[in-house]
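Next come the chains, spelled out residue by residue.
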Amino acid sequence: KAGVTQTPRYLIKTRGQQVTLSCSPISGHRSVSWYQQTPGQGLQFLFEYFSETQRNKGNFPGRFSGRQFSNSRSEMNVSTLELGDSALYLCASSSEDNTEAFFGQGTRLTVV
Amino acid sequence: AQSVTQLDSQVPVFEEAPVELRCNYSSSVSVYLFWYVQYPNQGLQLLLKYLSGSTLVESINGFEAEFNKSQTSFHLRKPSVHISDTAEYFCAVSERDGGYQKVTFGIGTKLQVIP
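Values in this document were obtained by computation on a predicted structure and should not be read as measured data.

1. Focus on the confidence of the model for chain B
The predicted coordinates ought not to be read in detail in places where the model reports low pLDDT. In this model, chain B carries a mean pLDDT of 91, and residues with pLDDT of at least 70 account for 99%. Per-element averaging of pLDDT across chain B places strand β11 (residues 100-105) of chain B at the bottom with 83 and strand β3 (residues 19-21) of chain B at the top with 98.

Below, the structure is given as structure tokens:
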């Protein structure tokens, strides 16, 4: 079984630009969650999608958005990038019973 | 609403010494409990989990954690650490909320093993 795949692994963007990150979950998993990880704030929950619907959301500004497609693949978008958005963005997928989350290796976003 | 508290942000320990990483949670319902490990530039990997049954759970690399319901704790222990255990460790709790299992992670504890 293939694991969770996040693309790209590394990304450098300029302030004010927008970015889209992609996550392909484990086959059969319908839940996809996104997290932001920074040295100062630790692991922070962004949002969770299940069957194309956002069912849980963290405390991030509206510049952070996401969506999920019918094949459970998910994308997150950050608009009007700020320097503080530089972080490791992690995606996790899980089955419906949520007895384990499987993480991708993350996308390292650097905003300059 | 659930929350997870990892009391130590960093724990330095000498090689072959014992270690305990503390985790407390708050929840009003029954929970699942997890410890995840993250090595540098990697995603998180499941280390061990408690779903039901025996309150003491073990991982294949010598870590163990004990679910203590009265103290709402799930501390992670290892009797003798190796250099390779240097990583960040995350405690997580999952509870039923609004018809589905909702997972909350702690902020993480960095374990630094000193040679």
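2. Describing the sheet that holds strand β3 (residues 19-24) of chain A
All names here are of chain A. With antiparallel pairing, 4 strands are arranged side by side in an open sheet as β1-β3-β8-β7. Where the open sheet ends on each side, the last strands, each with one partner, are β1 (5-7) and β7 (64-68). Adjacent strand axes in the sheet meet at a mean angle of 15 degrees when their direction is disregarded. Sheet topology places β7 next to strand β8 (residues 74-78); 5 bridges connect them, and they run antiparallel. Note that in β8 the partner of Gln68 across the bridge is Ser74.

3. Focus: the packing of aromatic side chains
Residue and element names in this part refer to chain A. Tallied over the full model, the rule gives 12 aromatic pairs over all chains. Here the aromatic rings of Tyr35 and Phe45 are separated by 5.7 Å at their centres, their planes lie at 65 degrees, and the arrangement is edge-to-face. Pair noted here: Tyr35 is in strand β4 (residues 31-38) and Phe45 is in strand β5 (residues 42-50), with a separation of 10 residues, a long-range link. Judged by relative accessible area, Phe45 falls into the partly exposed class, the value being 21%. Summarising the aromatic geometry, the rings of Phe47 and Tyr49 are spaced 5.7 Å apart at their centres and angled 70 degrees between planes, so their arrangement reads as edge-to-face. Neither Phe47 nor Tyr49 differs from the other in exposure class; each is buried. Directly above the ring of Phe50 sits Arg55, whose terminal nitrogen or CZ lies 4.3 Å from the centroid.

4. Side note on the interface of chain B and chain A
Tallying the contact residues gives 20 residues for chain B and 19 residues for chain A. Regarding the contact of chain B and chain A, the summed buried area is about 1,600 Å², with carbon and sulfur atoms giving 49% of it. At the surface where chain B touches chain A, the tally comes to 1 salt bridge. Residue A:Glu100 pairs with B:Lys49 through a salt bridge whose shortest N-O separation is 3.7 Å. Connecting chain B to chain A are 3 residue pairs in polar contact (both at pLDDT 80 or more). Taken together, the elements giving at least two residues each to the side of chain B that touches chain A come down to β5 (31-38), β6 (44-50), β10 (87-97) and β11 of chain B. The element best represented in the side of chain B that touches chain A is β11(B), accounting for 5 residues. Grouping the constituent residues of the side of chain B that touches chain A by class yields 11 nonpolar, 6 polar and 3 charged.

5. Thoughts on the pairing of β11(B)
Where β10(B) and β11(B) come together, 6 bridges link them in antiparallel fashion. Bridging across to β11(B), B:Glu95 finds its partner in B:Lys102.

6. Comments concerning the side chain of B:His75
All names here are of chain B. Looking at the secondary structure, you find His75 in strand β9 (residues 73-78). At 2.9 Å, the side chain of His75 and the backbone nitrogen of Cys23 are in polar contact. In this structure, His75 is in contact with Glu20, Leu21, Arg22, Cys23, Asn24, Trp35, Glu64, Ala65 and Glu66, ignoring residues within four places of it in sequence.

7. Focus on the environment of A:Arg67
Residues and elements named next belong to chain A. Structurally, the position occupied by Arg67 is in strand β7. You can call Arg67 partly exposed: its relative accessible area is 47%. Put simply, Arg67 and Leu83 are 16 residues apart on the chain and 24 Å apart in space, counted from C-alpha to C-alpha. Discounting chain neighbours no more than four positions away, the residues touching Arg67 are Tyr49, Arg73, Ser74 and Glu75.

8. What about the state of the cysteines?
Residues and elements named next belong to chain B. Scanning the entire structure with this criterion turns up 2 disulfides over all chains. Each sulfur in the disulfide pair Cys23 and Cys91 lies 1.9 Å from the other. Here the S-S torsion is close to -65 degrees, and the disulfide linking Cys23 with Cys91 is therefore left-handed. With Cys23 in the loop between β3 and β4 (24-26) and Cys91 in strand β10, this pair connects stretches of sequence that are 68 residues apart. By relative accessible area, Cys23 is classed as buried at 0%. Judged by relative accessible area, which is 1%, Cys91 ranks as buried.

Reading the values: rules and limits
Residues numbered from 1 in each chain as written. Chains lettered and ligands numbered in written order. Predicted model: local features only at pLDDT ≥ 70, side-chain atom pairs only at ≥ 80, totals over all residues. Heavy atoms only, no water. pLDDT = per-residue confidence, 0-100. Helix = DSSP H or I, 4+ residues; strand = E, 2+ residues; numbered from the N terminus. Pairing = 2+ DSSP bridges. Axes fitted to C-alpha atoms, helices over the stretch in contact; angles between N-to-C directions. Phe/Tyr/Trp six-rings, centres within 6.5 Å; stacked < 30°, edge-to-face > 60°. Buried < 20%, exposed > 50% of the residue type's maximum accessible area, 1.4 Å probe, protein only. Lys NZ or Arg CZ within 6 Å of the ring centre and 35° of its normal. Contact = heavy atoms within 4.5 Å. Buried area = accessible area lost by both parts, 1.4 Å probe. Salt bridge = Lys/Arg side-chain N within 4 Å of Asp/Glu carboxyl O. Polar contact = N/O pair within 3.5 Å; in protein donor to acceptor, adjacent residues only side chain to side chain. Nonpolar A, V, L, I, M, F, W, Y, C, P; charged D, E, K, R; others polar. Disulfide = S-S within 2.5 Å.

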